[in-house]
Protein chains: 6
Amino acid sequence: MNTEVRLERLSQPEAEARLQASRLAVLAPGSIEQHGPHLPLGTDAFAADVLAEEVARKLGAVLVPLPLVGVSPYHLSWAGSLSFKPQTFIAVVEDICECLARHGVEKVLFVNWHEGNTPTVRLAGDSIQRKFNLRVVVAESHIITNKLFGERAKLTHAGNMETAAVLMYDPSLVDLSKATNPTSEAQGDHGHEIFRQKDVFPIMRDFHEVAATGWYGRPEEATPELAAEIRERVSDYIVEKARLEFDRARYMQG
Amino acid sequence: MNTEVRLERLSQPEAEARLQASRLAVLAPGSIEQHGPHLPLGTDAFAADVLAEEVARKLGAVLVPLPLVGVSPYHLSWAGSLSFKPQTFIAVVEDICECLARHGVEKVLFVNWHEGNTPTVRLAGDSIQRKFNLRVVVAESHIITNKLFGERAKLTHAGNMETAAVLMYDPSLVDLSKATNPTSEAQGDHGHEIFRQKDVFPIMRDFHEVAATGWYGRPEEATPELAAEIRERVSDYIVEKARLEFDRARYMQG
Amino acid sequence: MNTEVRLERLSQPEAEARLQASRLAVLAPGSIEQHGPHLPLGTDAFAADVLAEEVARKLGAVLVPLPLVGVSPYHLSWAGSLSFKPQTFIAVVEDICECLARHGVEKVLFVNWHEGNTPTVRLAGDSIQRKFNLRVVVAESHIITNKLFGERAKLTHAGNMETAAVLMYDPSLVDLSKATNPTSEAQGDHGHEIFRQKDVFPIMRDFHEVAATGWYGRPEEATPELAAEIRERVSDYIVEKARLEFDRARYMQG
Amino acid sequence: MNTEVRLERLSQPEAEARLQASRLAVLAPGSIEQHGPHLPLGTDAFAADVLAEEVARKLGAVLVPLPLVGVSPYHLSWAGSLSFKPQTFIAVVEDICECLARHGVEKVLFVNWHEGNTPTVRLAGDSIQRKFNLRVVVAESHIITNKLFGERAKLTHAGNMETAAVLMYDPSLVDLSKATNPTSEAQGDHGHEIFRQKDVFPIMRDFHEVAATGWYGRPEEATPELAAEIRERVSDYIVEKARLEFDRARYMQG
Amino acid sequence: MNTEVRLERLSQPEAEARLQASRLAVLAPGSIEQHGPHLPLGTDAFAADVLAEEVARKLGAVLVPLPLVGVSPYHLSWAGSLSFKPQTFIAVVEDICECLARHGVEKVLFVNWHEGNTPTVRLAGDSIQRKFNLRVVVAESHIITNKLFGERAKLTHAGNMETAAVLMYDPSLVDLSKATNPTSEAQGDHGHEIFRQKDVFPIMRDFHEVAATGWYGRPEEATPELAAEIRERVSDYIVEKARLEFDRARYMQG
Amino acid sequence: MNTEVRLERLSQPEAEARLQASRLAVLAPGSIEQHGPHLPLGTDAFAADVLAEEVARKLGAVLVPLPLVGVSPYHLSWAGSLSFKPQTFIAVVEDICECLARHGVEKVLFVNWHEGNTPTVRLAGDSIQRKFNLRVVVAESHIITNKLFGERAKLTHAGNMETAAVLMYDPSLVDLSKATNPTSEAQGDHGHEIFRQKDVFPIMRDFHEVAATGWYGRPEEATPELAAEIRERVSDYIVEKARLEFDRARYMQG
């Protein structure tokens with residue numbers, strides 16, 4: 001078996017062998033949404049993709065391609081952003097996982113980066129778990145990154161964490177010289193905090209409600225070293241926790 | 001205008017007046033799911049209902065009736081539990097809010113108690129916000145209760161918090177003499193903790209994965225005094241925060 | 001087993017015992033629609049609910065909660081009225097009955113009051129009967145009431161029959177002092193008659209086509225005694241006929 | 001303008017002229033279901049079609065082709081019977097009426113024969129009335145026929161009324177020599193009566209519940225003279241009542 | 001067994017015998033769309049119907065009735081044209097074929113005439129093949145006609161081929177005296193060619209893009225003799241090829 | 001403006017500028033399906049992607065990311081293959097194009113390689129054209145390649161044309177040493193020919209019906225030179241033809 005983990009790059013016999021050996025598919029929900037003038041629209045998709053590939057490699061699993069588009073309606077007032085309706089995203093996941101279950105997959109691990117995908121991923125995960133008798137675990141990689149790196153990788157939008165994420169994927173896609181119009185970090189933090197409350201919270205309509213210019217944070221702090229460190233530590237973290245949860249699940253089912 | 005806030009109990013002219021005056025509808029998603037032998041299947045629906053009524057009264061709003069059933073597929077292995085598919089729940093909310101928007105409602109406040117409803121409520125809220133130009137705020141009343149009362153109202157299942165919730169609604173529905181088969185609190189806490197992780201988590205298949213007997217906690221600690229206190233303080237909390245968020249939203253829209 | 005029949009008020013073991021013993025669920029479709037200034041918006045839902053509860057008790061069955069909202073698009077020009085699209089109502093019934101079938105229910109009895117629900121209830125009943133191998137019987141309680149009580153309970157809108165129905169549920173919700181703007185009974189009867197023709201009939205667009213003020217009839221004739229009598233005799237009637245039909249159905253299936 | 005009223009047989013300019021002149025489309029829901037060994041599967045479709053064509057001619061309207069298939073799931077245990085799911089029938093009517101509304105149609109008259117179509121036709125009619133701003137009237141031609149002809153055209157299944165209906169359409173499709181296995185009329189009447197009750201009724205699962213051989217009645221009583229009389233009097237009746245209802249509707253809308 | 005092949009005209013026992021004997025259903029997708037002032041709106045439906053009936057007769061199969069309406073959105077700017085949304089057409093075919101599979105049908109042969117139906121027929125065919133374990137063959141009768149008759153039956157719109165097709169069905173529906181406004185054949189050919197390209201092609205929005213008057217070709221060339229010849233030779237061709245393909249399919253499945 | 005054409009790699013301001021300048025989005029439907037042991041599962045997706053990128057660059061358009069998965073149900077008996085239901089694919093295209101239309105896009109060019117996508121792409125194209133007022137052109141790149149290169153790029157499966165296509169994308173994904181089990185070219189040609197007939201054809205159930213080993217052709221003939229030539233000439237061909245068709249469309253709309 002070669003070291004390739006991307007389903008689309010494997011030949012059919014290689015894919016079959018790998019799917020049979022691991023019974024595990026890794027899926028990386030994406031998002032195409034504005035990330036300021038200095039980062040690409042695919043920032044979230046790229047971040048999830050890089051980490052999911054690392055995770056799949058370390059787990060001996062197969063990385064199965066999801067669309068780059070996710071659920072991001074509140075970015076649509078910036079041209080270039082795209083969004084699926086939640087039911088479309090769920091149908092995409094259901095169709096793909098119906099095929100995977102037929103091919104012997106028993107476990108699905110979502111490696112997600114985009115916060116706005118979470119409710120839809122939960123419902124998609126619940127649906128495929130019931131319909132196709134799969135076991136589903138979700139890794140929220142942006143939360144893990146922030147948890148492991150704190151101020152070095154803050155949960156802003158297009159700041160140090162997401163700039164590092166693009167550096168992991170392709171440094172040529174970062175252009176810090178364009179990062180000239182940040183919303184103030186205080187305003188951005190405050191805006192985000194409102195929607196991230198767990199007790200009483202509004203549903204976000206438009207990201208202008210968080211940041212008038214669409215982004216905030218400190219992209220200039222991101223370095224190749226930080227990027228490499230995130231890739232390594234976050235994927236390790238996911239691998240360890242996912243193994244634990246899948247094991248636990250097997251035990252729970254008795 | 002009388003003090004009645006329940007839409008179904010208002011006459012049409014009263015409802016019209018109240019809807020026009022406040023432009024605000026309160027919706028309380030429910031759940032019909034096993035809560036051990038000592039609490040009723042409608043525990044979560046009753047908790048949300050009582051708090052939502054208080055909130056609606058304090059806000060001068062209208063409490064609009066949702067079904068008592070919510071999204072609780074992982075309780076279905078206990079006979080009596082019911083669950084909507086998420087798309088059914090969303091259709092219910094969409095249909096009702098399309099009518100409300102036609103009647104002049106501009107703001108919708110969900111007062112939810114059942115944790116399993118959250119992703120679906122978020123998607124329903126996003127949908128009605130976009131389709132009918134409403135502003136949506138969600139209050140997670142179980143989280144608020146636990147936040148305000150700590151160990152006195154723990155996030156177990158059918159323990160002190162939920163027993164108090166039923167006491168708020170109708171004390172005759174609590175029968176502590178039946179509460180003879182708790183899963184150990186350590187096991188329940190541990191089980192719940194797994195699914196409540198924010199970084200890497202499995203999707204719950206069956207609540208047996210949390211508690212083999214379906215419940216855990218200390219129902220015997222719940223008192224009428226605690227119940228009354230929860231009703232008062234949690235509704236006050238929601239009222240204050242909801243006002244803040246709706247004001248902020250108005251400001252954000254400029 | 002206690003005398004409680006409402007699923008939401010039963011504990012899980014009680015519900016399970018009662019479902020297993022009777023295999024019979026009673027469902028009461030509702031409606032939230034204007035009933036003049038003297039009756040509540042929930043009139044039809046309350047009428048169905050009271051009768052369904054009596055019926056469930058007498059049959060040893062379980063009353064399973066449906067939404068209070070029904071299919072009433074032609075009342076929407078009065079603010080406060082709500083309506084489901086028929087497919088939403090059908091999805092609600094299907095989801096709930098899928099759960100009930102899993103819990104051992106074999107028979108479903110709809111106790112309906114709102115005339116506008118009938119085509120949708122028929123289609124929902126047909127669907128669940130085929131999908132979940134249930135046996136479905138429908139009781140049209142407004143028709144039975146009128147059949148048993150004649151002029152004392154006329155098929156007007158918000159007149160003596162429906163005022164009595166609300167008296168059955170909660171007399172405090174009737175305020176006859178507000179009943180000052182009836183459409184003339186002749187006009188109302190004539191309007192209703194048009195849409196109730198069985199051979200050639202228009203589909204109702206708006207209840208203004210029946211009664212310009214939204215209601216007609218003689219609410220002042222309703223008394224607590226009439227209410228009590230309706231509750232007793234109509235529920236007895238349904239119980240007897242439903243038993244007959246379910247028995248017949250068993251025989252027909254051979 | 002020629003005397004042709006069938007849309008499919010008109011050229012486009014003729015159709016346009018006729019649609020503009022009358023603004024009225026006649027639709028005849030069908031059914032493909034067993035009618036014993038002596039009548040064709042399309043009996044109900046043919047009956048509706050003949051009457052609808054007469055009605056369209058007398059009203060100067062256009063007869064717009066619906067499928068011959070209707071909603072008849074309870075006949076499917078006899079090979080050859082076909083049935084649409086109600087939502088498919090509704091989608092068919094919606095698509096066709098969306099086109100008609102675009103072409104200037106303002107009124108739709110359903111001429112239905114098959115009893116099992118009625119709830120679905122009502123919901124389809126309500127939907128197109130709201131979505132495309134049409135005015136809808138429904139004629140139940142089997143009820144009218146029985147009303148006008150009494151015992152000569154009884155509401156059995158494949159008896160004198162339906163045999164006459166096929167005689168109206170094409171006498172060569174009637175073969176009385178095959179009518180050798182009737183269920184007894186008493187049994188058939190009794191069976192039908194059960195499902196036609198208006199107060200408490202079961203939903204039909206299978207027409208074997210009405211008649212073990214699939215049909216009952218007196219086909220031998222049908223004559224060409226009866227057929228001609230039905231065609232004439234029933235279409236006249238529908239024409240008169242439909243004119244009245246459409247006029248009334250115009251008046252009601254003010 | 002009589003020589004009748006139309007399901008709707010067969011009695012149930014005849015239909016059952018014929019379905020069991022052949023296991024083969026023939027379906028003729030239709031279209032209701034403008035065909036100039038000289039041909040009826042149902043031209044494509046009639047053409048498919050006549051040929052499908054011949055084919056069914058020669059194959060001993062059953063002709064199962066589809067709606068006369070097909071998928072023709074680009075003709076809707078001419079009043080009188082009708083069109084299904086593709087998903088409606090697919091639902092119609094699925095519902096009918098689910099019944100047929102229950103009745104023992106194993107093979108479905110579509111005899112299509114309307115070019116615009118092809119993508120939808122392919123998807124419908126794929127769906128029923130997978131859902132109901134059928135084997136599906138499609139015959140494109142307009143292509144076959146042109147292949148066999150060349151210039152005598154050109155792929156124009158409402159020209160010699162389609163006029164002959166209507167002559168096959170009912171000569172009284174052709175009125176050549178109205179055929180006064182053809183678009184020039186050169187323009188029509190050119191327009192059609194654009195949309196019939198197989199390598200790079202636009203999706204047709206409106207048939208005005210092909211022919212400003214809606215039709216072109218040489219209707220005057222069509223003769224009863226040509227019509228008879230088309231009926232005979234095209235049906236023979238389909239019969240032979242369909243037999244071959246169904247046999248091949250049986251072999252392929254081993 | 002930089003030379004990047006992939007939406008996901010552009011920053012939001014760059015994307016906006018490019019979308020506004022060209023009003024044109026290029027979409028490349030994919031497919032994940034077995035291509036023997038020597039080519040990757042993503043062969044068709046890669047082929048479409050490379051050509052679409054070239055086309056977008058030459059047209060100054062934006063390449064908008066579709067999923068790599070397409071409609072390929074007949075490959076699912078080989079583990080690793082994936083397929084969308086057609087309605088899922090259509091929903092994906094509709095959601096993305098609704099966003100694009102909002103961002104000012106007026107023209108959509110599909111660059112497709114996978115033959116099995118064609119009917120679904122046609123229906124998706126028709127839908128977005130009508131719903132969002134776009135103009136849609138489809139390029140079938142595998143047909144063009146074969147047209148331009150003949151025997152050097154045959155329409156086999158995983159033969160010289162598709163091997164060259166993968167060489168265009170990433171030569172490391174081709175491993176000719178694995179290409180040891182071809183189905184004979186005669187058998188493959190014959191199998192394909194059956195399903196590619198235009199007059200009478202079966203719907204493919206399983207690609208085993210074409211080639212027992214899943215592939216046939218002459219992969220060894222593909223060279224880097226051929227790959228480069230295909231990329232250049234096919235993209236040029238599409239660019240020229242697409243320009244022509246979009247110009248023509250503008251003219252046709254007058």
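In this text the structure is predicted, and so the values were computed from the model without any measurement.

Conventions adopted
Residues numbered from 1 in each chain as written. Chains lettered and ligands numbered in written order. Predicted model: local features only at pLDDT ≥ 70, side-chain atom pairs only at ≥ 80, totals over all residues. Heavy atoms only, no water. Salt bridge = Lys/Arg side-chain N within 4 Å of Asp/Glu carboxyl O. Helix = DSSP H or I, 4+ residues; strand = E, 2+ residues; numbered from the N terminus. Buried < 20%, exposed > 50% of the residue type's maximum accessible area, 1.4 Å probe, protein only. Contact = heavy atoms within 4.5 Å. Buried area = accessible area lost by both parts, 1.4 Å probe. Polar contact = N/O pair within 3.5 Å; in protein donor to acceptor, adjacent residues only side chain to side chain. Nonpolar A, V, L, I, M, F, W, Y, C, P; charged D, E, K, R; others polar. Least-squares fit on C-alpha atoms with pLDDT ≥ 70 in both. Axes fitted to C-alpha atoms, helices over the stretch in contact; angles between N-to-C directions. Left-handed = near helix turned anticlockwise from the far one by under 90°. Pairing = 2+ DSSP bridges.

Counted according to the given criterion, the structure contains 174 salt bridges over all chains. Here R135 of chain E makes a salt bridge to E209 of chain F, at a shortest N to O gap of 2.5 Å. Separated into two different chains, R135 of chain E in strand 4 (residues 135–140) and E209 of chain F in the loop between strand 5 (200–202) and helix 8 (224–252) make up a pair that spans both. Of the two residues, R135 of chain E and E209 of chain F, both sit in the buried class.

All right, on to the interface of chain F and chain A then. Counting residues at the interface gives 50 residues for chain F, matched by 50 residues for chain A. Contact between chain F and chain A buries roughly 3,800 Å² in total, counting both sides, with carbon and sulfur atoms accounting for 64%. On inspection of chain F and its partner chain A, the count reaches eight salt bridges. Between K178 of chain A and E14 of chain F there is a salt bridge, and its shortest N-O distance comes to 3.9 Å. Linking chain F with chain A are 18 residue pairs in polar contact (both at pLDDT 80 or more). Mapped by element, the contributors of at least two residues to the side of chain F that touches chain A are helix 1 (12–22) and helix 3 (86–102) of chain F. The dominant element in the side of chain F that touches chain A, judged by the number of residues it contributes, is helix 3 of chain F, at nine residues. When grouped by side-chain class, the residues that make up the side of chain F that touches chain A number 28 nonpolar, 12 polar and 10 charged.

In this section: the interface of chain E and chain D. Taken together, the contacts link 50 residues of chain E with 50 residues of chain D. For the pair chain E and chain D, the two sides together bury roughly 3,800 Å², of which 64% comes from carbon and sulfur. On the chain E side of the interface with chain D, the three residues burying the most area are R9, Q12 and A79 of chain E, jointly 16% of the side's total. Taken together, the connections running from chain E to chain D amount to eight salt bridges. Put simply, E98 of chain D and K85 of chain E hold a salt bridge, and the shortest N to O gap is 2.8 Å.

Let us look at the relation of the copies chain F and chain A. Overlaying chain F with chain A gives an RMSD of 0.0 Å, the required rotation being 180° about an axis along which the chain moves by 0.0 Å. The superposition operator between the copies reduces to a two-fold rotation axis. For chain F, the smallest separation between a C-alpha atom and the rotation axis is recorded for P67 of chain F, amounting to 2.2 Å. Counting the interface residues of chain F, we find that 100% of their copies in chain A are interface residues as well, pointing to one common contact surface.

Running from amino to carboxyl end, helix 3 (residues 86–102) of chain B crosses helix 3 (residues 86–102) of chain C at an angle of 145°, the nearest separation of the two axes being 9 Å. Between helix 3 of chain B and helix 3 of chain C lies a crossing of left-handed hand. Of helix 3 of chain C, the residues touching helix 3 of chain B (which contributes T88, A91, V92 and D95 of chain B) are T88, A91, V92 and D95 of chain C. Class assignment for the residues of the contact of helix 3 of chain B with helix 3 of chain C results in four nonpolar, two polar and two charged.

Another point: the sheet that holds strand 4 (residues 135–140) of chain A. The strands making up a sheet associate through backbone hydrogen bonding, with each pair oriented either parallel or antiparallel. Ordered by their spatial adjacency, five strands build an open sheet running 2(A)-1(A)-3(A)-4(A)-5(B), and the pairing between neighbours is mixed. Edge positions in the sheet fall to strand 2 (62–64) of chain A together with strand 5 (200–202) of chain B, since each has one partner strand and no second. Ignoring strand direction, the axes of neighbouring strands in this sheet form an average angle of 25°. Relative to strand 3 (residues 107–112) of chain A, strand 1 (residues 24–27) of chain A is paired through four bridges, and the arrangement is parallel. If you follow L24 of chain A over to strand 3 of chain A, its bridge partner there is K107 of chain A. Here helix 3 (residues 86–102) of chain A sits on the sheet in contact with strand 1, strand 2 and strand 3 of chain A, set at roughly 160° to strand 1 of chain A. Along the sheet face, helix 4 (residues 118–131) of chain A touches strand 3 and strand 4 of chain A together with strand 5 of chain B and points at about 165° away from the line of strand 4 of chain A.

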